Amino acid sequence: MLKDITIGQYFPGDSVIHRLDARFKIVFSILAAAMLFTAQNFIGLGIAAVFIIMCYAVSGIRFRMILKSLKPIVPLIIFTGVLNLFFIKGEEILLSWWIITIHTDGLRTSAFMVVRIITLITGMSLLTYTSSPIMLTDAIESLLSPLKKLRFPVHELAMMMMIALRFIPLLIEETDKIMMAQKARGANLDAKGLIKKAKALIPILIPLFISAFKRANELAMAMECRCYRGGEGRTRLKKLKASILDFLAFGLILCVFGIIIANNFAF
Amino acid sequence: MEIIKTENLYFDYEIYDDKGNVVEKNPALHGVNLTVQKGEFLAVLGHNGSGKSTLAKHFNGILLPSRGKVFVNNIDVSDDSRIYEIRQTVGMVFQNPDNQIVAAIVEEDVAFALENLGVPPDEIRERIDEAMKLVDIYKYHKHAPHRLSGGQKQRVAIAGVIAMRPMCIVLDEPTAMLDPKGRKEVMGTIKMLNEKGITIVLITHYMEEAAQARRVVVMDKGAIIMDGTPKEIFSEVEKLKAVGLDVPQVTELAYELRKAGVKLPANILNEDECAKELAVILKEGRDLLQ
Ligand SMILES: Nc1ncnc2c1ncn2[C@@H]1O[C@H](COP(=O)(O)OP(=O)(O)O)[C@@H](O)[C@H]1O
Ligand SMILES: [Mg+2]
């Protein structure tokens, strides 16, 4: 059951989007988010949304995946929608019934917010759908590398992310096994109530922690045996390389951004 | 030519209190003298806690001697400045394949050692492809390790070591967590590597695996108590049993039969030999009866 969780879902492919340098893709994602927050009206939002949908089409990621990426944030979407719908007041009343009054402005703001969140998540998901976890950690290491001068442990951070990505599926599997073993011994894992639930976690967490520390110890030794000595002088099998494609994509995004800003002034 | 040499090696595990003072010394090795020749296939036997892993960790400077010396290719392992040279010469594979694979993709993991050594990307590509093909996991090079079987994962770990082009590989119970199929795969790989000229030190508690080596040493209480060919070692059934070890099943059978008065040679190591000898005896018996 826990095994169904997938982390950093990546769909290998060979599209233009897949081939972009992961560093640029991270920057593009940040720009796309900025774009969505700059847009002040539906036209601007629409332009951004169409742009993101076009990116999906180019990447070959199925549109069904958009729905999947939205699933975890449905509560947030509903919450934002309802809150704005009832609490934003304007001059024009659209509907009034019992104690509920909905203003036209409320409806507009609510719709705007919902579309903005949906577009934002859809856009961000495209980053993890089209870049492998290793490409992403490498990109983060590279983007943060100026911080090395400030003694910020950039390489260590990237290495930790890489190891976490490797061990998360293992630990999830192990949690499953421990849960089954403890159930077989009569542990009541489906207890009701917050305190009882927390107590039921103890027989799972303790073996899990002990095993995680043991793994960490052995992994550290195996890394030493393979001459690991930090980021100094390290090379990479796959080097991130910026190509003309990345700069073209950068130009394109800046154009779209420009159109959205111009649109804000026009209306 | 010797590749590993220990001289009067002693090692104590030190147990510290909260303030970092040594409160207890746990002696794990008592004066080990062992020489491993280039190209050798050595098996190390011994029951749990006899010091096998502790000894293995001295072969590439993971642990440093409390007393005595360890040389790898005539380099003293205590020489800090040459430690990476030593670790490249003697590669190490551990019991649990899950805990020694670093990256979330097979080929990235095989490349790990070379990345640490600062090898240029083109050469890394070439060397990892070669290593993965050698241990027959190339077809999984883009897979996530946790989707592979135990035997495949252990071969990924071996490939990660092979990529360093070591002269010697030390394997600490590499088959202990595997099913019979995985065990066979890994043993096959180990023998193939030895045939290619790589020195093998195999720590195991499967007697059948030790019987495939060319030389066996037996450890007990932190010291080497027996050293010889598998035939020599396994013919001393009482001595092995006294230190809590078994002999291969066929040897055991031959031993029991000999005790019961059947005239079998003392150094039978595999089923074929045993069957042949028994056939001779059975035939003689039948001839006698007629
Ligand atoms: N990290 C450690 N700290 C303290 N004692 C240890 C440690 N590792 C092993 N020992 C002790 O050293 C002895 C030898 O252990 P080990 O080399 O692991 O044996 P083997 O691999 O043959 O089972 C044992 O008595 C064990 O309890
Ligand atoms: Mg051991």
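Residues numbered from 1 in each chain as written. Chains lettered and ligands numbered in written order. Predicted model: local features only at pLDDT ≥ 70, side-chain atom pairs only at ≥ 80, totals over all residues. Heavy atoms only, no water.

1. Observations concerning the overall build of chain A
Next up, step 1: Each helix and strand counted, chain A has 10 helices and 2 strands in total.
Next up, step 2: Reading the secondary structure of chain A in the N-to-C direction produces α-α-α-α-α-β-β-α-α-α-α-α.
Next up, step 3: Relative to the 2.2 N^0.38 estimate, which gives 18 Å for 267 residues, the radius of gyration of chain A is 24 Å and therefore markedly larger than a compact globule would have.
Next up, step 4: Over its C-alpha atoms, taken along the principal directions, chain A stretches across nearly 70 × 55 × 40 Å. (Helix = DSSP H or I, 4+ residues; strand = E, 2+ residues; numbered from the N terminus. Rg over C-alpha atoms; globule rule 2.2 N^0.38 Å.)

2. A few points about the sheet that holds strand S8 (residues 199-203) of chain B
Residues and elements named next belong to chain B.
Next up, step 1: What the 6 strands build is an open sheet, ordered S6-S7-S8-S3-S9-S10; its pairing is mixed. Both outer strands of the open sheet, strand S6 (90-93) and strand S10 (223-228), are each paired with one neighbouring strand and no more. Along the sheet, successive strands turn relative to each other by an average axial angle of 20°, direction set aside.
Next up, step 2: When S6 meets strand S7 (residues 168-172), the two strands line up parallel, connected through 4 bridges. When the bridges of S7 are listed, valine 90 appears paired with cysteine 168.
Next up, step 3: Along the sheet face, helix H6 (residues 180-195) touches strand S3 (41-45), S7 and S8 and points at about 150° away from the line of S8. (Pairing = 2+ DSSP bridges. Axes fitted to C-alpha atoms, helices over the stretch in contact; angles between N-to-C directions. Contact = heavy atoms within 4.5 Å.)

3. Thoughts on helix H5 (residues 150-162) of chain B
Residue and element names in this part refer to chain B.
Next up, step 1: Under the 1.5 Å per step criterion, the end-to-end length of H5 is 18 Å for 13 residues, consistent within 8% with the ideal 18 Å.
Next up, step 2: Counting buried positions along H5 yields 12 of 13 residues, so the element is predominantly enclosed.
Next up, step 3: All buried positions along H5 are accounted for by Gly151, Gln152, Lys153, Gln154, Arg155, Val156, Ala157, Ile158, Ala159, Gly160, Val161 and Ile162.
Next up, step 4: Elements that come into contact with the buried residues of H5 comprise S6, helix H3 (106-116), helix H4 (121-134), S7 and H6. (Expected span 1.5 Å × (residues − 1). Buried < 20%, exposed > 50% of the residue type's maximum accessible area, 1.4 Å probe, protein only.)

4. Remarks on the site of ligand 1
All names here are of chain B.
Next up, step 1: Around ligand 1 sit Tyr13, Asn26, Ala28, His47, Asn48, Gly49, Ser50, Gly51, Lys52, Ser53 and Thr54, and those are all the residues in its vicinity.
Next up, step 2: Residue glycine 49 places a main-chain N or O atom 2.7 Å away from an oxygen atom belonging to ligand 1.
Next up, step 3: Interatomic distance of 2.9 Å between a backbone N/O atom of lysine 52 and an oxygen atom of ligand 1.
Next up, step 4: Relative to its unbound accessible surface of 560 Å², ligand 1 loses 62% to contact with the protein.
Next up, step 5: Among the secondary structure elements, those contributing two or more residues to the shell around ligand 1 are strand S2 (22-37) and helix H1 (52-56).
Next up, step 6: Ranked by residue count, the leading element in the shell around ligand 1 is H1, at 3 residues.
Next up, step 7: Considered class by class, the residues forming the shell around ligand 1 number 2 nonpolar, 8 polar and 1 charged. (Near = heavy atom within 4 Å. Polar contact = N/O pair within 3.5 Å; in protein donor to acceptor, adjacent residues only side chain to side chain. Areas by Shrake-Rupley, 256 points an atom, 1.4 Å probe, with all protein chains shown as cover. Nonpolar A, V, L, I, M, F, W, Y, C, P; charged D, E, K, R; others polar.)

5. Thoughts on the packing of H5(B) against H6(B)
Residues and elements named next belong to chain B.
Next up, step 1: At a minimum axis separation of 8 Å, H5 and H6 run at an interaxial angle of 25°. Regarding the angle of H5 to H6, the classification is roughly parallel. Handedness of the crossing formed by H5 with H6: right-handed. Contacts between H5 and H6 involve Gly151, Gln152, Gln154, Arg155, Ile158 and Ile162 from the first element and Gly182, Glu185, Val186, Thr189 and Leu193 from the second.
Next up, step 2: Grouping the amino acids of the contact of H5 with H6 by side-chain chemistry returns 4 nonpolar, 5 polar and 2 charged. (Parallel < 35°, antiparallel > 145°, perpendicular 65-115°, else oblique. Left-handed = near helix turned anticlockwise from the far one by under 90°.)

6. Some thoughts on the packing of aromatic side chains
Next up, step 1: Evaluation of the coordinates by the stated rule reveals 9 aromatic pairs over all chains.
Next up, step 2: Look at Phe11(A) and Tyr129(A): their rings are 5.3 Å apart centre to centre, the planes differ by 70°, and that puts the pair in the edge-to-face class. Of this pair, Phe11(A) sits in the segment before helix H1 (16-19) while Tyr129(A) sits in helix H6 (residues 104-130), and the two are 118 residues apart along the sequence.
Next up, step 3: One aromatic cluster is present, formed by Phe24(A), Phe28(A), Phe247(A) and Phe250(A) through successive ring pairs.
Next up, step 4: Lying over the aromatic face of Phe167(A), Arg166(A) brings its terminal NZ or CZ to 5.0 Å of the ring centre.
Next up, step 5: Sitting over the face of the ring of Tyr10(B), Arg67(B) holds its NZ or CZ atom 4.2 Å from the ring centroid. (Phe/Tyr/Trp six-rings, centres within 6.5 Å; stacked < 30°, edge-to-face > 60°. Lys NZ or Arg CZ within 6 Å of the ring centre and 35° of its normal.)

7. Focus on the nonpolar core
Generally speaking, nonpolar side chains in soluble globular proteins are found buried as a group.
All names here are of chain B.
Next up, step 1: Core analysis: the biggest nonpolar cluster contains 56 residues, and Val110, Ile128, Ile169, Val218 and Phe234 have the highest contact counts within it.
Next up, step 2: Here the element with the most residues in this core is H5; it accounts for 6 residues.
Next up, step 3: Not counting the four nearest positions on each side in its chain, isoleucine 169 is found in contact with Gly91, Val93, Val161, Ile162, Leu193, Ile198, Thr199, Ile200 and Val201. (Core = buried A, V, L, I, M, F, W, Y, C linked by side-chain atoms within 4.5 Å.)

8. Describing the side chain of Asp98(B)
Next up, step 1: Relative to the helices and strands, Asp98(B) is located in the loop between S6 and H3.
Next up, step 2: Setting aside chain neighbours within four positions, we find Asp98(B) in contact with Arg166(A), Phe167(A), Leu170(A), Arg215(A) and Lys153(B).

9. A short note on the interface of chain B and chain A
Next up, step 1: Across the boundary between the two partners, chain B contributes 38 residues, which contact 26 residues of chain A.
Next up, step 2: Carbon and sulfur atoms make up 59% of the area that chain B and chain A hide from each other, which totals about 3200 Å².
Next up, step 3: Summed over the three residues of chain B that lose the most area to chain A, namely Asn99(B), Glu115(B) and Asn116(B), the buried surface amounts to 21% of that side.
Next up, step 4: On the surface where chain B and chain A come into contact, there are 8 salt bridges.
Next up, step 5: The shortest N-O distance in the salt bridge between Glu108(B) and Lys238(A) comes to 3.4 Å.
Next up, step 6: Where chain B packs against chain A, one counts 17 residue pairs in polar contact (both at pLDDT 80 or more).
Next up, step 7: Contributing elements (two or more residues each) for the side of chain B that touches chain A: helix H2 (83-89), H3 and H4 of chain B.
Next up, step 8: The leading source of residues in the side of chain B that touches chain A is H3(B), at 9 residues. (Buried area = accessible area lost by both parts, 1.4 Å probe. Salt bridge = Lys/Arg side-chain N within 4 Å of Asp/Glu carboxyl O.)

10. Considering the sheet that holds strand S4 (residues 67-72) of chain B
Residues and elements named next belong to chain B.
Next up, step 1: Spatially, S2-S1-S4-S5 is the arrangement adopted by the 4 strands of the open sheet, whose pairing is antiparallel. The sheet terminates laterally at S2 and strand S5 (75-76), the two strands that pair on one side only.
Next up, step 2: With 2 bridges joining them, S4 and S5 adopt antiparallel strand pairing. Within S5, the position partnered with valine 72 by the bridge is isoleucine 75.

11. Digging into the confidence of the model for chain B
Next up, step 1: Looking at chain B as a whole, its pLDDT mean stands at 91, while 99% of the residues score no less than 70.
Next up, step 2: What the predictor reports for the complex is a pTM of 0.83 with an ipTM of 0.87. (pLDDT = per-residue confidence, 0-100.)

12. Overview of the pattern of salt bridges
Next up, step 1: If you walk through the whole model with that rule in mind, you get 32 salt bridges over all chains.
Next up, step 2: With a closest N to O distance of 3.6 Å, Arg236(A) and Glu108(B) form a salt bridge. Taken together, the residues span two chains, with Arg236(A) in the loop between helix H9 (194-225) and helix H10 (244-266) and Glu108(B) in helix H3.
Next up, step 3: For Glu108(B), a relative accessible area of 4% translates into the label buried.

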